[in-house]
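Spelled out from the first residue to the last, the chains are:
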Amino acid sequence: MALVPFPSATPGDDEDPESFDDSGSKMSFLEHLDELRKRLIYIVYSLIAGCVVAYIFIKPVFDFITRPMQAVLPPGGYLQFTSGAEPFMLYVKIGFLAGIFISSPLILWQIWKFIAPGLYSHEKKFAIPFVLMSTIFFVAGGLFAHYVAFPVTWNFFASFSTDYMKFVPKIDEAFSLYSKMILASGVVFEMPTLVLFLARMGVISGRLMVRYFKYALLLIFIAAAILSPGGDIPSQLVLAVPMLGLYILSILIAFIFQRRRPATD
């Protein structure tokens, strides 16, 4: 039975370090664990630094995040809290969420540094594009949720108000929904970045993505139902539609950046 080589392997790649450290020696399992521990520590430091910056500007950050929550309330409406500690904890949570986005380039850089030893030398040159694209799409996903996904979901919930039933949401529940949608959208928007590097490594191609489009469409709506924290149809659709658009964009990216097989006689 013939053995099929891994898609990213090319003639001569066997000589290229695959799981090597900077000195060129192969890393053991314990060394991989130690590297993971080191990267996690750096990620925590990066997150702390991002949170510090967020807390310095917490007032404008607080106003920016709570604006879509307040926009659908009727005149004189307000977000309520029933515990004295809730406003303080809200500031802490908002600072932490903002800190994730502020420190995202550093966090993504540490993720790249962890996976880089398992890449070939010609694949390691994508470090800066990986961090740049990942950051841009992560932030774009957060902005999409802030300006589109969350307001649509929030307006849907508020639409059930009647003369005898008023929409007076609790601030912690509103922020919980908001933060879940922000992070879910940020992760979903990483699809083009992931496809770009899988295509460059020869794992997938644009033709393959087109061939499995109908299966991807099904998985997109399943993923939207799982990732949508609202659980309602509008919030699922508002997440599924950009996912479908991102998949189509990813197909184009795969066609452009996929590895070209050498011509054979």
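Residues numbered from 1 in each chain as written. Predicted model: local features only at pLDDT ≥ 70, side-chain atom pairs only at ≥ 80, totals over all residues. Heavy atoms only, no water.

1. Some remarks on the overall build of the protein chain
Item 1. Within the protein chain, the secondary structure is distributed over 11 helices and zero strands.
Item 2. The N-to-C order of helical and strand elements in the protein chain reads α-α-α-α-α-α-α-α-α-α-α.
Item 3. Counting all 265 residues of the protein chain, 41% fall into the buried class.
Item 4. For the protein chain, the computed accessible surface area is about 15,700 Å², with 70% contributed by carbon and sulfur atoms. (Helix = DSSP H or I, 4+ residues; strand = E, 2+ residues; numbered from the N terminus. Buried < 20%, exposed > 50% of the residue type's maximum accessible area, 1.4 Å probe, protein only. Areas by Shrake-Rupley, 256 points an atom, 1.4 Å probe, with all protein chains shown as cover.)

2. Things to note about the pattern of salt bridges
Item 1. One pass over the structure, following the stated rule, counts five salt bridges.
Item 2. In this structure, Asp34 and Arg37 form a salt bridge, with 2.9 Å as the shortest nitrogen-oxygen distance. With Asp34 and Arg37 both in helix H1 (residues 29-56), this residue pair falls three residues apart, about one helical turn.
Item 3. A residue is classified by how much of its surface remains accessible, and Asp34, at 39% relative accessible area, is partly exposed.
Item 4. Measuring nitrogen to oxygen at the nearest pair gives 3.5 Å for the salt bridge that ties Glu35 to Lys38. Of this pair, Glu35 and Lys38 both sit in helix H1, separated by three residues, roughly a single helical turn.
Item 5. What makes Lys38 partly exposed here is its relative accessible area of 32%.
Item 6. By sharing partners, the salt bridges in this structure join Glu35, Lys38 and Arg39 into a single network. (Salt bridge = Lys/Arg side-chain N within 4 Å of Asp/Glu carboxyl O.)

3. Focus: helix H8 (residues 191-200)
Item 1. Within H8, seven of the 10 residues are buried, which leaves the element mostly enclosed by the surrounding structure.
Item 2. All buried positions along H8 are accounted for by Met191, Pro192, Thr193, Val195, Leu196, Phe197 and Ala199.
Item 3. Positioned one or two residues after H8, Gly202 has a phi angle of 80 degrees, which is positive.

4. Details of a nonpolar patch on the surface
Item 1. A grouping of Ile41, Tyr42, Val44, Tyr45, Ile48, Val52, Val53, Ile56, Phe57 and Ile102 is seen on the molecular surface, where their side chains present a nonpolar patch of about 930 Å² in accessible area.
Item 2. The element contributing the most residues to the nonpolar patch is H1, with eight residues.
Item 3. Inspection of the secondary structure assignment puts Val53 in helix H1.
Item 4. Overall, the relative accessible area of 35% leaves Val53 in the partly exposed class. (Patch = residues over 30% accessible without salt bridge, like charges linked within 9 Å, V, L, I, M, F, W, Y side chains within 5 Å.)

5. Focus on the packing of helix H6 (residues 127-158) against helix H7 (residues 171-188)
Item 1. With their axes 7 Å apart at the nearest point, H6 and H7 run at an angle of 140 degrees to one another. As judged from the angle between their axes, H6 and H7 are oblique. You can see that H6 and H7 cross each other, and the crossing is right-handed. In this structure, H6 uses Phe137, Phe138, Gly141, Gly142, Phe144, Ala145, His146, Ala149, Phe150, Thr153, Trp154 and Phe157 to contact H7, whose residues at the interface are Ala174, Leu177, Tyr178, Met181, Ile182, Leu183, Ser185, Gly186 and Val187.
Item 2. Considering only residue class, the contact of H6 with H7 consists of 15 nonpolar, six polar and no charged. (Axes fitted to C-alpha atoms, helices over the stretch in contact; angles between N-to-C directions. Parallel < 35°, antiparallel > 145°, perpendicular 65-115°, else oblique. Left-handed = near helix turned anticlockwise from the far one by under 90°. Contact = heavy atoms within 4.5 Å. Nonpolar A, V, L, I, M, F, W, Y, C, P; charged D, E, K, R; others polar.)

6. Things to note about the nonpolar core
Item 1. Residues Ile65, Met69, Ile94, Trp154, Phe175 and Tyr178 are the most contacted members of the largest nonpolar core, which totals 63 residues.
Item 2. Residue assignment for this core shows that the elements contributing at least two residues are H1, helix H2 (58-71), helix H3 (86-102), H6, H7, H8, helix H10 (213-227) and helix H11 (233-257).
Item 3. By residue number, the principal contributor to this core is H6, which donates 12 residues. (Core = buried A, V, L, I, M, F, W, Y, C linked by side-chain atoms within 4.5 Å.)

7. So, the packing of aromatic side chains
Item 1. Here the structure, examined in full by the defined rule, presents 15 aromatic pairs.
Item 2. When the ring of Phe130 is compared with that of Phe197, the centres are 5.5 Å apart and the planes differ by 70 degrees; the resulting orientation is edge-to-face. In this pair, Phe130 sits in helix H6 while Phe197 sits in helix H8, placing the two residues 67 residues apart along the sequence. Assigned by exposure class, Phe130 and Phe197 land together as buried. (Phe/Tyr/Trp six-rings, centres within 6.5 Å; stacked < 30°, edge-to-face > 60°.)

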